[in-house]
Amino acid sequence: MTLTIDNISKRYGSTVALDGVSFEVRPGELFGFVGSNGAGKTTTMRITLGVLAADSGEVRLDDRLVDLDVRRTIGYMPEERGLYPKMKVGEQLSYLAQLHGLSRSEASDAVRRWTERLGIAERIGDTVDSLSLGNQQRVQLAAALVHDPKVLVLDEPFSGLDPVAVDVMSEVLIDKANSGVPVIFSSHQLDLVERLCHRVGIIVKGRMRAVGTVDELRSGGDARLVVHAPNAPHGWANGLPGVTTVDRTDGRTVLSVTAGVDDQKILETALETGPVHEFSLHQPSLTDLFREVVAA
Amino acid sequence: MSAPLTATRAIGLVARREFLTQVRKKSFLISNGLILVAIVVGIVAMAFLGGGDDDRPRVGVVGTSGLSATLGTIGEATGIPLDLSELPDADAGRAQITDGEIDVALVPGDDGSVTALTESDIDSDLSALLDAAVAQQAQATALTERGVDPADIAAATARATVTVEAIDPPDPEQGQRIILSIVAVVVLYMQILMFGMYVAMGVVEEKSSRVVELLLSTLRPLQLLWGKILGIGAVGLLQLTAYGAVSVGAALATDTLTITGTALGVFASTLGWFVLGFAFFAVLYAAAGSMVSRQEDVNSTSGPLMFVILAMFFAAFSSIDDPEATWSTVLSWIPPFSAVLMPLRIAAGVATPLQIVGTVVLMIVTTALLGVVAAKIYQRSVLRIGRTVTWKEALGR
């Protein structure tokens with residue numbers, strides 16, 4: 001199944017929260033949703049889950065508009081974590097599973113399966129507020145998974161997790177994606193997103209600024225070239241077309257090179273000034289790309 | 001994945017959770033257990049203190065003259081039954097009075113006069129009864145001495161009594177009806193207020209714990225709203241039924257209440273009007289709860305509701321004395337005032353079937369309309385975390 005966000009807009013009074021947001025999350029794909037605070041990630045996810053209504057645009061799962069029945073097949077982890085504090089873990093998960101359409105016996109099977117998988121099986125009879133924060137997070141994830149969702153929408157699933165829990169969470173998300181479920185999650189931990197996600201979407205002030213694989217995002221941007229030529233004078237590369245000097249310290253020059261420029265030409269120019277000890281192309285990380293996109 | 005969730009099952013699931021959460025609370029079980037025990041103890045105590053033979057004047061008579069028999073007859077006739085006993089002499093009488101075993105000792109003198117010994121004073125009714133008995137006894141003795149049979153005299157004067165024919169006879173049930181009315185009003189007041197507040201607090205709990213966002217991704221706001229109201233209302237109904245069954249049962253068993261039919265009728269109508277009154281206020285309390293983000297702010301938006309409920313109950317208490325006053329009749333048609341004035345009128349026996357049906361229909365229609373408005377407010381406010389939403393904002397646009 002493919003989750004399609006199609007041209008969604010949302011205003012709060014005179015503030016534009018989302019402006020024609022479009023992207024899709026394909027079957028078996030881990031999609032990283034990245035943006036600064038207030039850029040519109042949570043609003044997009046809330047609209048996907050029908051918790052908020054969009055002013056225009058639509059959300060589809062394959063060709064079907066996402067209505068209440070479809071939403072019940074989505075697993076959702078809201079940014080504002082929330083469970084009934086005084087309700088027992090097992091009863092709570094079973095209740096949520098039944099609200100998603102499972103029968104009572106299906107629900108109790110699913111609760112047993114997921115609490116075991118997430119390492120909270122022995123806490124099933126405890127109230128949620130008696131658990132540690134980390135375990136509450138695991139219950140929250142279980143709440144998103146317990147009805148065997150066809151789509152996963154997770155808002156900041158990694159925030160507040162300890163390293164072990166991050167590994168458990170990553171593993172579960174990869175598993176889900178491998179079983180063909182489209183998974184979208186937002187995060188500020190860009191290294192994690194880069195490592196896990198097949199594709200990434202960057203949202204800036206309510207608009208999608210970039211969508212694609214990390215490699216695709218890189219190919220559009222400028223490459224970084226580091227040249228260590230100690231004898232080269234200031235501005236030695238400035239005459240070359242498509243090349244700008246970004247930084248120079250201790251004889252080491254960082255150049256920004258637009259796509260399609262011949263790097264051998266740059267090397268020749270550098271060698272003319274004397275010895276070259278280092279000549280390396282730096283692939284920008286997602287963090288670099290993100291900064292670039294946000295700054296643009 | 002099983003079949004799609006129907007609205008009925010969705011509402012049922014929510015209602016079931018609310019019901020179980022409430023009735024499993026330790027505080028709920030303990031407080032209700034105590035209240036039920038208190039009801040039984042109170043009614044039994046009332047029966048012991050109130051009724052029984054204890055308040056009959058205890059009169060001892062010295063000697064075996066006919067005075068005892070005459071006292072008994074006149075006592076029955078005038079509605080002051082006496083506890084009569086025989087005394088050997090005046091000293092024994094004095095002793096028994098001092099010990100509190102009897103109230104009055106009658107000591108006949110030689111000349112037909114009678115001395116009444118007592119602790120300090122004799123109640124005027126009893127005094128008149130004693131006078132009449134002694135006079136009749138003296139008369140009978142005198143007639144017998146003159147050869148007339150007192151029985152003939154009695155037969156001849158038997159018809160010479162005054163019969164009361166009232167144009168507006170007092171209702172013999174009135175006392176009990178008034179008590180039933182007061183109980184119905186007080187209980188309705190407490191139940192509606194308490195369970196309305198439970199609804200508001202339940203809504204705030206979901207909002208402040210943020211679980212509402214998860215719920216609203218699988219439920220329509222109206223389903224969540226009505227599920228909650230049904231679940232909590234069922235607890236209220238259960239509690240009220242338990243209170244009512246125990247009270248009426250205990251009161252009938254101890255003869256504190258003698259009007260079984262009326263009592264059961266009042267009980268049933270109180271249950272029915274609780275459902276209507278609760279539904280009316282519950283939708284409003286749910287809206288009020290959705291407007292705040294913290295438990296401690298609930299009062300700021302539910303204050304106006306509290307005010308209306310108080311006004312209703314002041315109106316109810318004012319009309320207990322005269323339920324047929326024009327203002328009370330008019331007010332009893334207006335929701336939500338009907339929720340408490342109607343059970344009162346039914347208890348007082350002044351409600352016509354037409355009025356009962358009419359006010360019930362009016363109440364249901366009003367509640368349904370309010371339910372739609374309240375759901376709008378709820379939907380609009382429940383995800384607005386932070387600052388309290390005002391009624392003006394919630395109702396605007």
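Reading guide: rules and limits
- Residues numbered from 1 in each chain as written.
- Chains lettered and ligands numbered in written order.
- Predicted model: local features only at pLDDT ≥ 70, side-chain atom pairs only at ≥ 80, totals over all residues.
- Heavy atoms only, no water.
- Patch = residues over 30% accessible without salt bridge, like charges linked within 9 Å, V, L, I, M, F, W, Y side chains within 5 Å.
- Areas by Shrake-Rupley, 256 points an atom, 1.4 Å probe, with all protein chains shown as cover.
- Salt bridge = Lys/Arg side-chain N within 4 Å of Asp/Glu carboxyl O.
- Lys, Arg positive; Asp, Glu negative; His and termini not counted.
- Charge placed at Lys NZ, Arg CZ, Asp CG, Glu CD.
- Helix = DSSP H or I, 4+ residues; strand = E, 2+ residues; numbered from the N terminus.
- Pairing = 2+ DSSP bridges.
- Axes fitted to C-alpha atoms, helices over the stretch in contact; angles between N-to-C directions.
- Contact = heavy atoms within 4.5 Å.
- 1 Å grid on protein atoms, 1.4 Å probe; cavity = no way out; pocket = protein on both sides within 12 Å on 5 of 7 lines; lining within 4 Å.
- Points joined across faces, edges and corners; volume = space filled by probe spheres on them.
- Buried < 20%, exposed > 50% of the residue type's maximum accessible area, 1.4 Å probe, protein only.
- Phe/Tyr/Trp six-rings, centres within 6.5 Å; stacked < 30°, edge-to-face > 60°.
- Lys NZ or Arg CZ within 6 Å of the ring centre and 35° of its normal.
- Domains from an automatic or database assignment.
- Buried area = accessible area lost by both parts, 1.4 Å probe.
- Polar contact = N/O pair within 3.5 Å; in protein donor to acceptor, adjacent residues only side chain to side chain.
- Nonpolar A, V, L, I, M, F, W, Y, C, P; charged D, E, K, R; others polar.
- Parallel < 35°, antiparallel > 145°, perpendicular 65-115°, else oblique.
- Left-handed = near helix turned anticlockwise from the far one by under 90°.

## Quick word on a negative patch on the surface
Line of reasoning, step 1. A cluster of acidic side chains, namely Asp262, Asp263, Glu268 and Glu272 of chain A, defines a negative patch on the protein surface.
Line of reasoning, step 2. Considering the arrangement of structural elements, one finds glutamate 272 of chain A in helix H9 (residues 263-272).

## A word on the sheet that holds strand S2 (residues 83-87) of chain B
Note on sheets: strands pair through backbone hydrogen bonds, and any given pair is parallel or antiparallel.
All names here are of chain B.
Line of reasoning, step 1. Within the open sheet, the four strands sit side by side as S2-S1-S3-S4. Their pairing is mixed. The open sheet has two edge strands, S2 and strand S4 (114-118), and neither has a second partner. Neighbour-to-neighbour, the strand axes of the sheet open up by a mean angle of 25 degrees, direction not taken into account.
Line of reasoning, step 2. Sheet topology note: the strand S1 (residues 58-62)/strand S3 (residues 104-108) ladder contains three bridges and is parallel. When the sheet's bridge partners are listed, glycine 60 is paired in S3 with alanine 105.
Line of reasoning, step 3. The sheet contacts of helix H3 (residues 67-78) involve S1, S2, S3 and S4, and relative to S1 the element is tilted by about 155 degrees.

## Digging into empty space enclosed by the protein
All names here are of chain A.
Line of reasoning, step 1. Following the criterion strictly, the structure yields three cavities of 30 Å³ or more and no others.
Line of reasoning, step 2. Roughly 60 Å³ of volume is contained in the largest cavity.
Line of reasoning, step 3. Lining the largest cavity we find Leu118, Gln137, Arg138, Leu141, Leu161, Ala165, Val168 and Met169.
Line of reasoning, step 4. Those elements giving two or more residues to the lining of the largest cavity turn out to be helix H5 (133-145) and helix H6 (163-178).

## Details of the environment of glycine 12 of chain B
Residue and element names in this part refer to chain B.
Line of reasoning, step 1. Here glycine 12 shows up in helix H1 (residues 7-23).
Line of reasoning, step 2. When its relative accessible area of 34% is taken as the criterion, glycine 12 is described as partly exposed.
Line of reasoning, step 3. Between the alpha carbons of glycine 12 and isoleucine 259 there is a distance of 39 Å; along the sequence they are 247 residues apart.

## Quick notes on the packing of aromatic side chains
Line of reasoning, step 1. For the structure shown, the criterion picks out nine aromatic pairs over all chains.
Line of reasoning, step 2. Summarising the aromatic geometry, the rings of phenylalanine 195 of chain B and tyrosine 198 of chain B are spaced 5.1 Å apart at their centres and angled 85 degrees between planes, so their arrangement reads as edge-to-face. Placement of both phenylalanine 195 of chain B and tyrosine 198 of chain B in helix H7 (residues 174-208) is noted, with a separation of three residues, approximately one turn of the helix.
Line of reasoning, step 3. By relative accessible area, which is 0% here, phenylalanine 195 of chain B ends up buried.
Line of reasoning, step 4. Residue tyrosine 198 of chain B is classed as partly exposed on the basis of its relative accessible area of 23%.
Line of reasoning, step 5. Judged by centre distance (6.4 Å) and plane angle (80 degrees), the rings of phenylalanine 195 of chain B and phenylalanine 274 of chain B are edge-to-face. In this pair, phenylalanine 195 of chain B sits in helix H7 while phenylalanine 274 of chain B sits in helix H10 (residues 260-290), placing the two residues 79 residues apart along the sequence. Grouping residues by exposure puts phenylalanine 195 of chain B and phenylalanine 274 of chain B together as buried.
Line of reasoning, step 6. One aromatic cluster is present, formed by Phe195, Tyr198, Phe274 and Phe278 of chain B through successive ring pairs.
Line of reasoning, step 7. The ring of tyrosine 95 of chain A carries the charged tip of arginine 17 of chain B above its face, separated from the ring centre by 5.7 Å.
Line of reasoning, step 8. Above the face of the tyrosine 198 of chain B ring, lysine 25 of chain B is positioned so that its terminal group lies 5.8 Å from the ring centre.

## Some remarks on the domain arrangement of chain A
Line of reasoning, step 1. When the domains of chain A are assigned, the result is domain 1 (3-73 + 150-212) and domain 2 (222-283).
Line of reasoning, step 2. Centre-to-centre separation of domain 1 of chain A and domain 2 of chain A, based on C-alpha positions: 39 Å.

## With respect to the interface of chain A and chain B
Line of reasoning, step 1. At the interface, 31 residues of chain A touch 27 residues of chain B.
Line of reasoning, step 2. Summed over both partners, the interface of chain A with chain B buries about 2800 Å², with 57% contributed by carbon and sulfur atoms.
Line of reasoning, step 3. It is Arg72, Tyr84 and Leu99 of chain A in chain A that bury the most area against chain B; as a group they hold 22% of the surface buried on that side.
Line of reasoning, step 4. Linking chain A with chain B are three salt bridges, by the criterion used here.
Line of reasoning, step 5. The closest approach of N and O atoms between glutamate 213 of chain B and arginine 46 of chain A, which form a salt bridge, is 2.9 Å.
Line of reasoning, step 6. The interface formed by chain A and chain B holds nine residue pairs in polar contact (both at pLDDT 80 or more) in total.
Line of reasoning, step 7. For the side of chain A that touches chain B, the secondary-structure elements that each account for two or more residues are helix H2 (68-71), helix H3 (89-99), helix H4 (104-117) and H5 of chain A.
Line of reasoning, step 8. With five residues, the single largest contributor to the side of chain A that touches chain B is H3 of chain A.
Line of reasoning, step 9. Among the residues forming the side of chain A that touches chain B, the class breakdown is 14 nonpolar, seven polar and ten charged.

## Describing the pattern of salt bridges
Side chains that carry opposite charge are capable of pairing whenever their charged atoms lie near each other.
Line of reasoning, step 1. One pass over the full model with this rule turns up 23 salt bridges over all chains.
Line of reasoning, step 2. Here aspartate 109 of chain A makes a salt bridge to arginine 112 of chain A, at a shortest N to O gap of 3.6 Å. One end of the pair is aspartate 109 of chain A and the other is arginine 112 of chain A, both in helix H4 and three residues apart, which spans about a single turn.
Line of reasoning, step 3. For aspartate 109 of chain A, a relative accessible area of 39% translates into the label partly exposed.
Line of reasoning, step 4. Owing to a relative accessible area of 46%, arginine 112 of chain A belongs among the partly exposed residues under this scheme.
Line of reasoning, step 5. Overlapping salt bridges bring together Arg17, Glu18, Glu206 and Lys228 of chain B as one network.

## A closer look at the packing of H3 of chain A against H5 of chain A
Residue and element names in this part refer to chain A.
Line of reasoning, step 1. The geometry of H3 relative to H5 is characterised by a closest axis approach of 9 Å and an angle of 25 degrees between their N-to-C directions. By the criterion of interaxial angle, the relationship of H3 to H5 is roughly parallel. Of the two possible hands of crossing, H3 and H5 adopt the one that is right-handed. Residue-level contacts link Val89, Leu93 and Leu96 of H3 to Val139, Ala142 and Ala143 of H5.
Line of reasoning, step 2. Residues of the contact of H3 with H5, tallied by class, amount to six nonpolar, no polar and no charged.

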